[in-house]
Amino acid sequence: MEADGLEWLVVPVHQLVSWGAAGAMIFGGVVPYIPQYRDIKRTQNAEGFSTYVCLVLLVANILRILFWFGRHFESPLLWQSIIMIITMLLMLKLCTEVRVSNELNIKRRSFSDFDLNYFWHWSKFTDYVQCVLTFTGVTGYITYLSLDSFLFVETLGFLAVFTEAMLGVPQLYRNYQNRSTDGMSVKMVLMWTSGDTFKTVYFILNQAPFQFSICGLLQVFVDMAILLQVYFYSYYPQKPASHTAHPASTKAL
């Protein structure tokens, strides 16, 4: 009797928890970038943030959306990808504007130059948009032709989540190059870690495709490595590594 009496309460609470978890999945991924965006906006300095993080997330989420056409997964994960793409474009826009305004070099670089030395280091935000649209068009066309192939669809799903799992690697490498984590938002990395942990548990509990769970765990390990860098470089300051002059070495990734 007591169980029947509480049923009216359990059902709506369960529904609210489900909605809350779905909302956290959709918007939780973009929250870590809010403090980093504000820091860049306030200091007008984007040197500490690697825009290759944006590249990794754009590629990963475009591939994830294409994977959805071959194998439907939960809608919150699809909406998460759409929201993340919009967020990364906003981050790129700000970083590009700040970097160009601080650059002494008046020579402008564009996507249409096809110069690999300046790949993902262009002077206008529209060049990044052109690159993203080109990648989306090419991969979308290949996916359309290959949707009947089980192997292709599963490989596409793996590439999507594995690319996302490598999200922290550009920042990890940039910190290693600088021998410092100055300019990087520690709040962002802490939010990465908590968000990736929540996301991985969500994947496991909701029986998402196995690629999601495996790469989620890998992502958490990378986040932890960056936090170890924060501790190490804070308590054991390092001298910046000397680099040979290179066209792109003096510019923010």
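Residues numbered from 1 in each chain as written. Predicted model: local features only at pLDDT ≥ 70, side-chain atom pairs only at ≥ 80, totals over all residues. Heavy atoms only, no water.

- An unreviewed UniProt entry annotates the protein as Solute carrier family 66 member 2 of Chrysemys picta bellii.
- For the protein, the Subcellular location (unreviewed entry) comment in UniProt is given as "Membrane". (UniProt positions renumbered as here; feature names shortened; annotations may be inferred.)

### Focus on the environment of D115
Part 1 of the reasoning: Following the sequence through the fold, D115 ends up in the loop between α4 (75–102) and α5 (125–146).
Part 2 of the reasoning: A residue is classified by how much of its surface remains accessible, and D115, at 26% relative accessible area, is partly exposed. (Helix = DSSP H or I, 4+ residues; strand = E, 2+ residues; numbered from the N terminus. Buried < 20%, exposed > 50% of the residue type's maximum accessible area, 1.4 Å probe, protein only.)

### Thoughts on the packing of helix α7 (residues 169–178) against helix α9 (residues 210–235)
Part 1 of the reasoning: Across the interface, α7 lies against α9 with an axial gap of 9 Å and an inter-helix angle of 20 degrees. Taken together, the axes of α7 and α9 lie roughly parallel to each other. In this structure, the crossing between α7 and α9 has a hand that is left-handed. Across the interface between the two elements, V169, Q171, L172, N175 and Y176 of α7 pack against V222, A225, I226, Q229 and Y233 of α9. (Axes fitted to C-alpha atoms, helices over the stretch in contact; angles between N-to-C directions. Parallel < 35°, antiparallel > 145°, perpendicular 65-115°, else oblique. Left-handed = near helix turned anticlockwise from the far one by under 90°. Contact = heavy atoms within 4.5 Å.)

### Topic: unusual backbone geometry
Part 1 of the reasoning: Here Q44, not a glycine, exhibits a phi torsion of approximately 55 degrees, which is positive.
Part 2 of the reasoning: Turning to its location among the elements, Q44 is positioned in the loop between α2 (33–43) and α3 (52–70).
Part 3 of the reasoning: On the basis of relative accessibility, which here comes to 38%, the residue Q44 falls in the partly exposed class.
Part 4 of the reasoning: Even without being glycine, R179 reaches a positive phi, approximately 55 degrees.

### Examining the pattern of salt bridges
Part 1 of the reasoning: Summed over all chains, the structure comprises six salt bridges.
Part 2 of the reasoning: Measuring nitrogen to oxygen at the nearest pair gives 3.1 Å for the salt bridge that ties R71 to E154. Placement of the pair is R71 in the loop between α3 and α4 and E154 in helix α6 (residues 150–165), with a sequence separation of 83 residues.
Part 3 of the reasoning: Looking at R71, the relative accessible area reads 34%, which means it is partly exposed. (Salt bridge = Lys/Arg side-chain N within 4 Å of Asp/Glu carboxyl O.)

### Side note on the packing of aromatic side chains
What describes a pair of aromatic rings is the distance from one ring centre to the other and the angle between the planes of the rings.
Part 1 of the reasoning: Using the criterion set out here, one finds 12 aromatic pairs in the structure.
Part 2 of the reasoning: Residues W68 and F69 carry aromatic rings whose centres are separated by 5.3 Å and whose planes lie at 80 degrees to one another, so their mutual orientation is edge-to-face.
Part 3 of the reasoning: An angle of 35 degrees between the planes, with centres 6.1 Å apart, marks the rings of F119 and W120 as tilted.
Part 4 of the reasoning: Residue classification places F119 among the partly exposed residues on the basis of a relative accessible area of 31%.
Part 5 of the reasoning: Judged by relative accessible area, which is 1%, W120 ranks as buried. (Phe/Tyr/Trp six-rings, centres within 6.5 Å; stacked < 30°, edge-to-face > 60°.)

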